[in-house]
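# Breakdown of the fold
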Amino acid sequence: MENSEQSGPREITPADVEINGRKYGDMSIEVDSQPLEGEMKPRKSRSVGASHADSVERSISAEAQSRESFVDTVQFGFNPRPEQRRPGEEARVSSPRQNEPHLDTSTFALAGDSAHNQAMVHWSGHNSSVILILTKLYDFNLGAVTESSLWRSSDYGSTYVKLKVGSRTQLSYLYVCPTNKQKILILSDPEVESAVLISSDEGASFEKYPINFNIVSLLFHPAQENWILAYSHDSKLYSSMDFGKKWQFVHENVMPGRFYWAVMGLDKEPDVVHLETRISKNRAQYVKCRAQRCSEAHRQYLFPGHVDTNSMVVQDEYVFTQVTKSGRTSYFVSYMRESFKQMKLPKYCLPKDMHIISTDEKQVFAAVQEWNQNNTYSLYISDSPGVYFTLSLENLRTSRGLAGNLLVDFYKVEGINGMYLANKLVDNQVKTFITYNKGQTWALLPAPATDIAGNNLHCILPFCSLHLHLEMSENPYTSGPITSKKSVPGIIVATGNIGTELSTTNLGMFITADAANSWRQIFDEEHNIWFLDNGGALLAVLHAAQPIRHLWISLDEGKKWDRHTFSLAPLYVDGVLMAPESENHIITFFGHFSYRSEWQLIKIDYKGIFNRRCMDGDYQTWHLQYKGEPCVMGEKQIYMKRRPGNRCMLALDYSRIYSSEPCVCNSYDFECDYGWERQTDGKCSPAFWFNPNGAAKSCSNSQSFLNSTGYRKVLSNNCKEVGRNSFSPKRQSCRPRPPQGLRLSTSTGELSANVGTNVTFMVQLEDGDAQRTTMQLDFGDGIRITYSNLSRTNDGIKHIYRSTGIYRVTAHAQNSQGADSSALFLHVTSPVERIYLSSPIVTVRGKEANLSVLVWPNHTRTLTFFWWFDNSSEPLITLEGRTSYTFQRVGQNKVTVQVASGSNVMQDSKVITVKEYFRSLLLSFSPALDEHNPDIPEWREDIGRVVRTALSQVSGVAEEQLLVSLYPGLPTTAELFILPDAHVSGEHKRRSDELHTISDIFVTALNQGLVQFELKANIRIIVYVTQQTLAPLVDSNSIHSGPAMLMLLSVVIVGVAAFFIYKFKRKIPWIHVQTEDTQEKEPEVISTVSPNENMSKVKLSDFPCQKELLEKELEARSRGTMGRNMDRIVTREFPNCTNV
């Protein structure tokens, strides 16, 4: 699991940031504003596209590096030399008038460092005048720093002084404390000496402290300025409580980037450290301890069992991790440091991969790659605890960064609540969509009415729209393709194009000043855009491979741009350093004049473009709206902004929001609850797999509960609910309900344990009055425990087994309304493997039924199979994955099988209905169902339940008389079993005639297409009858009654008539598809009726008499109903999962 958010403390890895086309840190994983300040490498390609391998070196005189009138762009130069100025010389070769907008500039060259190919820059900000620059020569062949220089400016970059740090010391990386930027820590190159240099006065002086390990990365504490975690090259973690002077070992085998400081207000102690430590290949543990007390006795293992390596993310209120078993990955979350819960995505999402995008406002945004997606992801949004997720947008465009990290085309617009942009793949075209209600509805962007030349574009939605590039800049010193700022809500500047889809050619720059309701084109080439003066001005610098001399500034939201010259000689721009959180108006350009020239630092003071500070009369109001609708995220908002064109400076503390008024809630102020889906009419309705009446309801703490209406209010939406609202959950009184759906499992999901270790059993009840339900748990070793109510078992029940063996553990829940039970079989010292029990769902009493089991993954060792039938106390043990069993009791009989291989054990159960006789029909479906068939047992069970309900509604036959079983594989087929009514007594013949009548009713309804169900919005599935199977209609008794013989005679007459009518050409509708039996175990589908293997198709003429036919059919029915031979396995490849 990865993290894509830019908030919270993060590990600072110096090698993560390399400018000019080199490797960058994963800007979508564990990012915040903490320096490392940046690393510049001007020797190769440039961050502004400055590829100058073929450029001609220029001879730049000192006179060319003079005081100029110019604006924001960053540049690097090489050979340092003192700053040189010519008084009165300006960019326009004339002195500016008193009130004429102008820029004051000065240039400084870092003399003597022309060979250095890397640089790291830090500006403290907060009105500090100190800038630090570390330049170094990194030898890629040696993998070491061979030269370094540290420069310091105390006058906002006008002049720099080269600091002396020791003749032998080679500096490698520069770090700045995020909570006290006067504290600087610099690492020396470990190839020369292993030490840290520490400053507490913004680099004015340093003290050197030796260390005995090589630091790869540092993580500063979010609140304590002296606390640091250091990760070493040998995967060990160290901590320091005195800003790096002394270090203490914390833990070994720590995964890189998977260690976190405590989150203030959530973790009880501020020195808590969250770690992911490697146990073996692909297996790790979540460890929590204190930074200075992390011995084995002081460690906490908060997640039960192992986790996947590189999966733990600690962010804000959440801790995420994942566990993969048998090819399926489950994702878990801890909210507010409570116990872990499994994250619930829609049932058939079946995720292959998940990335956390954001945890803003106590809600999780996640990019999920579903089972049928390859190059795209879907956007899911959670509730506050991060457990239940609903789909927001499908098929998000993704790409990979330079470090291999996932980049999702998803952008949060700063300054406006609930506003996001995303690029979605639609019919193989990438289009840009926008939402104003946090992902409930998405719409295309309207294109500008005219191009930059004023020509009408005639771009009409939805055939033509505006498309924007949303990827983040991997260079912290360029603006990236899109930018917005919290201090100027409603303004977005982005790179994009107009047409049917997003393109990488014919790009221009576009701006909106009204929250994307309308757009204007401002440049027909790519530019880097920055906000100046707290958002009051815009700075544009051409994104070009050639050196440049000019920049552009706008004071009226991009309507008019003034060109300024910032350098007399063209400069290759590598980056722009903005003063963070400062009231000064200074920026610094970094660059170089030629490939071999020195690093150039150009200081620009843009205060001269303003003539005064803004007063009350310089502001105007702006009403946020979307397509004329004033209510956005449940409120009417009015903002303050400077009148376009006024040349006054904004105050840091002026209020952007003028007024806010809540609106009355509507349906789009709510998102669909878990298990519900948004329909085309905007309403939420249950998904086909979700039963809203069977959802778990908590009555443990009160006499009532909140029952979902299918909607949940969008977090941070401020709408006001008036009167009887139909969207919010309704409080209902708790009524006595019998316990149903009792499930017993272990906390790890495994059915094995080591002797003498704690085993935690989890008891879950799908429905019932948990507060008034007693529960007894029998551990199977002579010990039982009873709880007065189920709510006391939420944290699990622990038990220690003292001897090896197989234990039947039984949970029994009971109240005044009824009872339910569940059992599992625990193998002490044996873990669990995944299996699938293939069995008939209906069989005939007194006849053998074939059972088989499929095992994943395949084993080369001998397997032991344990078969449990109904309430038997002893299993049937076999060495083959098949057996047969004769059921003597009419009704439902439960079969459980366990497969053991060494220390691995897994179980599966099926319920088999045993009857004296029944009828069945083979069903097929509309082809659309195949497109949504993931071919897993759970899906087949849910579809079977839906089809059974539809058949019952059409025919009026009770659902208890119907069973529907779907076969594995494609095309999707199923078999309908019609059972005798258990509540109706009567003669055998009359009851069998009733099954004939019901069968005819179903055939008629199916042939007329009356049996249908809705799979999802606008997708309806029609059920058809394919063939009628030869289900037994007689007793297993060998003595037939008179009526039975008459029935046989009538069947013979009908058979002979059919024989002559079809002239021996019509074949019996036998349901049997057979493949060649090979060692490869080719796939096959075998019906409930299993004839002789040599008979793939049978003609009527092959039957000598009807009596023999029925006897053979009766025997075949009892032996083969739904049975699967282990030599013939139905398989289908399932993405990132096991074969089913």
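The rules we used
- Residues numbered from 1 in each chain as written.
- Predicted model: local features only at pLDDT ≥ 70, side-chain atom pairs only at ≥ 80, totals over all residues.
- Heavy atoms only, no water.
- Helix = DSSP H or I, 4+ residues; strand = E, 2+ residues; numbered from the N terminus.
- Contact = heavy atoms within 4.5 Å.
- Areas by Shrake-Rupley, 256 points an atom, 1.4 Å probe, with all protein chains shown as cover.
- Buried < 20%, exposed > 50% of the residue type's maximum accessible area, 1.4 Å probe, protein only.
- Pairing = 2+ DSSP bridges.
- Polar contact = N/O pair within 3.5 Å; in protein donor to acceptor, adjacent residues only side chain to side chain.
- Core = buried A, V, L, I, M, F, W, Y, C linked by side-chain atoms within 4.5 Å.
- 1 Å grid on protein atoms, 1.4 Å probe; cavity = no way out; pocket = protein on both sides within 12 Å on 5 of 7 lines; lining within 4 Å.
- Points joined across faces, edges and corners; volume = space filled by probe spheres on them.
- Nonpolar A, V, L, I, M, F, W, Y, C, P; charged D, E, K, R; others polar.
- pLDDT = per-residue confidence, 0-100.
- Disulfide = S-S within 2.5 Å.
- Phe/Tyr/Trp six-rings, centres within 6.5 Å; stacked < 30°, edge-to-face > 60°.
- Lys NZ or Arg CZ within 6 Å of the ring centre and 35° of its normal.

This part covers the overall build of the protein. Along the protein, the regular secondary structure elements total five helices and 79 strands. Counting contacts in the protein only where the partners sit at least 6 residues apart, residues at least 24 apart contribute 59% of the total. About 49400 Å² of surface is accessible on the protein, with carbon and sulfur atoms providing 48% of the total.

Glancing now at the pairing of strand E10 (residues 184-188). Most of E10 is tucked away, with five of its five residues classed as buried. Residues of E10 alternate between two faces, with Ile 184, Ile 186 and Ser 188 on one and Leu 185 and Leu 187 on the opposite face, all of them buried. In this structure, strand E9 (residues 171-176) lies alongside E10, joined through five bridges in antiparallel fashion. Note on E10: the bridge partner recorded for Tyr 175 is Leu 185. Looking at chain direction, E10 and strand E11 (residues 195-199) are connected through four bridges and run antiparallel.

Our focus in this paragraph is the side chain of His 467. Within the secondary structure, His 467 sits in strand E33 (residues 465-468). Side chain to side chain, His 467 and Ser 465 meet in a polar contact 3.3 Å long. Of note is the side chain of His 467, whose polar atom sits 3.4 Å from the backbone nitrogen of Glu 501.

Counting residues in hydrophobic clusters, the biggest one holds 46 residues, and the most contacted among them are Ile 943, Val 947, Leu 951, Leu 976, Phe 1002, Leu 1006 and Phe 1013. Taken together, the elements giving at least two residues each to this core come down to strand E51 (670-672), strand E73 (919-925), helix H2 (937-955), strand E74 (962-966), strand E75 (973-978), helix H3 (988-1007), strand E76 (1012-1016) and strand E77 (1019-1028). Broken down by element, the residue count for this core peaks at six residues, all from H2. Not counting residues up to four positions away in its chain, the partners in contact with Phe 1013 are Phe 925, Leu 929, Ile 943, Val 946, Val 947, Ile 1019, Arg 1020, Ile 1021 and Val 1023.

Turning our attention to empty space enclosed by the protein. Using a probe with the size of a water molecule, rolled over the atoms, empty space left in the structure can be pinpointed. Under the defined criterion, the tally for this structure stands at three cavities of 30 Å³ or more. As a volume, the largest cavity reaches approximately 220 Å³. Taken together, 21 residues line the largest cavity, and the ones lying closest to its centre are Val 488, Ile 491, Gly 535, Gly 536 and Glu 557. Listing elements by their share of the lining of the largest cavity, those giving two or more residues are strand E39 (537-542) and strand E48 (635-642). Considering each element in turn, the lining of the largest cavity owes the most residues, four residues, to E48. In terms of residue class, the lining of the largest cavity is built from 11 nonpolar, four polar and six charged.

Let us now look at the confidence of the model for the protein. Chain-level statistics for the protein give a pLDDT mean of 79 and a share of 78% at 70 or above. Every residue in residues 5-95 scores below 50 in pLDDT, and together they form 388 contacts with partners more than four places removed in sequence or on other chains. Note that residues 1056-1140 has pLDDT below 50 and, in this model, 176 contacts with residues that lie over four places away or in other chains.

The subject of this paragraph is the environment of Val 130. Relative to the assigned elements, Val 130 resides in the loop between strand E5 (118-123) and strand E6 (131-139). Look at Val 130 and you get buried, because its relative accessible area is 5%. The residues contacting Val 130, other than those within four sequence positions of it, are His 122, Trp 123, Ser 124, Arg 152, Ser 153, Ser 154 and Glu 202.

Applying the stated rule across the entire model yields six disulfides. Note that Cys 459 is cross-linked by a disulfide to Cys 464, the S-S spacing being 1.8 Å. Where Cys 459 bonds to Cys 464 through sulfur, the torsion about that S-S bond is close to -105 degrees, and the disulfide is left-handed. Summarising the burial analysis for this pair, Cys 459 and Cys 464 share the class buried. Here Cys 614 is linked by a disulfide to Cys 648, with a sulfur-sulfur distance of 2.0 Å. Where Cys 614 bonds to Cys 648 through sulfur, the torsion about that S-S bond is close to 85 degrees, and the disulfide is right-handed. Pair noted here: Cys 614 is in the loop between strand E45 (612-613) and strand E46 (619-623) and Cys 648 is in strand E49 (residues 648-649), with a separation of 34 residues, a long-range link. Judged on exposure class, the residue Cys 614 and its partner Cys 648 are both buried.

On to the packing of aromatic side chains. Where two aromatic rings form a pair, the distance of their centres and the angle of their planes describe that pair. Scanning all chains against the criterion turns up 39 aromatic pairs. Between the aromatic rings of Phe 365 and Phe 410, the centroid separation amounts to 5.9 Å while the plane-to-plane angle is 35 degrees, which identifies the pairing as tilted. On the criterion of sequence distance, the pair formed by Phe 365 in strand E25 (residues 365-369) and Phe 410 in strand E29 (residues 410-412) is long-range, its members being 45 residues apart. Residue Phe 365 is classed as buried on the basis of its relative accessible area of 2%. You can call Phe 410 buried: its relative accessible area is 12%. Three or more aromatic residues link up through ring pairs in this structure, and these residues are Phe 213, Tyr 238, Trp 247 and Phe 249. Residue placement shows Lys 183 over the ring face of Phe 243; its charged tip is 5.6 Å from the ring centre. Sitting over the ring of Phe 433, Lys 424 keeps its end group 5.9 Å from the ring centre.

To continue, consider unusual backbone geometry. That bond from Leu 461 to Pro 462 is cis: its omega, 0 degrees, falls within 30 degrees of zero. Structurally, Pro 462 can be placed in the loop between strand E32 (443-444) and E33. In this structure, Pro 971 follows Leu 970 across a cis peptide bond, with omega equal to -5 degrees. Positive phi, close to 60 degrees, is recorded for Phe 243, a residue that is not glycine. Mapping Phe 243 onto the fold places it in the loop between strand E15 (237-240) and strand E16 (248-251).

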